[in-house]
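Now for the letters of each chain:
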Amino acid sequence: EPEVTQTPSHQVTQMGQEVILRCVPISNHLYFYWYRQILGQKVEFLVSFYNNEISEKSEIFDDQFSVERPDGSNFTLKIRSTKLEDSAMYFCASRWRSSYNEQFFGPGTRLTVL
Amino acid sequence: AQTVTQSQPEMSVQEAETVTLSCTYDTSESNYYLFWYKQPPSRQMILVIRQEAYKQQNATENRFSVNFQKAAKSFSLKISDSQLGDTAMYFCAFMKQNTGNQFYFGTGTSLTVIP
């Protein structure tokens with residue numbers, strides 16, 4: 001069964017550094033998402049992406065964040081200058097078409113900012 | 001804004017018994033979807049069951065069923081004949097219809113099935 005994959009599984013970085021988190025959504029899916037979960041807190045929506053543009057973003061998704069689908073298969077989340085509070089688990093998800101369709105989640109990338 | 005509340009951070013159940021996980025939500029929307037996702041240890045979240053708000057009939061998927069009370073904004077998950085493989089974190093999620101379809105999640109309930 002197709003799965004969403006994410007790399008790396010764990011990323012450690014220094015504060016102020018740029019990081020890129022990578023996701024490979026399921027191949028025929030059309031909608032893509034990033035969520036994050038700070039330890040002990042709820043999973044929070046960051047951004048949704050459709051037709052090569054952002055369709056919705058949360059207040060968390062400020063100018064330090066960007067997303068890209070560079071080659072039709074990968075879907076990346078870039079954090080330009082990481083802060084300590086960016087330490088979290090980041091989940092990618094994808095969906096096929098209608099609202100009824102479930103979102104399929106990747107296993108997550110644990111980002112640790114030192 | 002939508003909020004989802006799961007008031008049980010941890011629960012346990014004996015194998016083969018039944019357990020109910022609670023979820024309440026707050027919204028002014030009339031059309032929406034509700035989901036329960038399961039996240040086994042070190043694995044990705046997978047869909048357990050979903051419910052469309054316009055449907056009065058409660059969704060069921062094998063041993064999993066929901067008690068959807070729209071007026072009370074309650075969406076509990078019942079797991080019957082619990083199995084060891086049901087041990088996981090369970091997340092309740094809300095999605096508005098016809099938007100970017102983002103999910104609003106609860107904080108999760110960690111369920112342990114005891115042999």
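Residues numbered from 1 in each chain as written. Chains lettered and ligands numbered in written order. Predicted model: local features only at pLDDT ≥ 70, side-chain atom pairs only at ≥ 80, totals over all residues. Heavy atoms only, no water.

Engineer: Got a minute to help me understand the sheet that holds strand β7 (residues 65-68) of chain A in this structure?
Structural biologist: Neighbouring strands of a sheet are bound in pairs by backbone hydrogen bonds; such pairs are parallel or else antiparallel. Residue and element names in this part refer to chain A. Strands sit in the order β1-β3-β8-β7 across an open sheet of 4 strands; the sheet is antiparallel. Looking at which strands have only one partner, the edges of the open sheet turn out to be β1 (5-7) and β7. Between one strand and the next, the sheet's axes are offset by a mean angle of 20°, whatever the strand orientation. In the sheet, β7 pairs with strand β8 (residues 75-79) via 4 bridges, with the strands oriented antiparallel. (Pairing = 2+ DSSP bridges. Helix = DSSP H or I, 4+ residues; strand = E, 2+ residues; numbered from the N terminus. Axes fitted to C-alpha atoms, helices over the stretch in contact; angles between N-to-C directions.)

Engineer: What's the story with the environment of A93 of chain A in this structure? I'm lost.
Structural biologist: Residues and elements named next belong to chain A. Along the chain, the position of A93 falls in strand β9 (residues 88-95). The class for A93 is buried, based on a relative accessible area of 0%. For the pair A93 and Y35, spaced 58 residues apart in the sequence, the C-alpha separation amounts to 7.9 Å. (Buried < 20%, exposed > 50% of the residue type's maximum accessible area, 1.4 Å probe, protein only.)

Engineer: Help me understand unusual backbone geometry, please; the structure alone is not making it clear to me.
Structural biologist: When glycine is set aside, most residues are seen to have a negative phi, and most peptide bonds are trans. Residue and element names in this part refer to chain A. At the junction of T7 and P8, the peptide bond is cis and its omega measures out at -10° in the coordinates. Of note, P8 is situated in the loop between β1 and β2 (10-13). The phi angle at N51 is positive, at roughly 55°, despite the residue not being glycine. The backbone of N52 shows a phi angle near 65°, a positive value even though the residue is not glycine. Position of N52 among the secondary structure elements: in the loop between β5 (43-50) and β6 (53-57). Residue classification places N52 among the exposed positions, given a relative accessible area of 60%.

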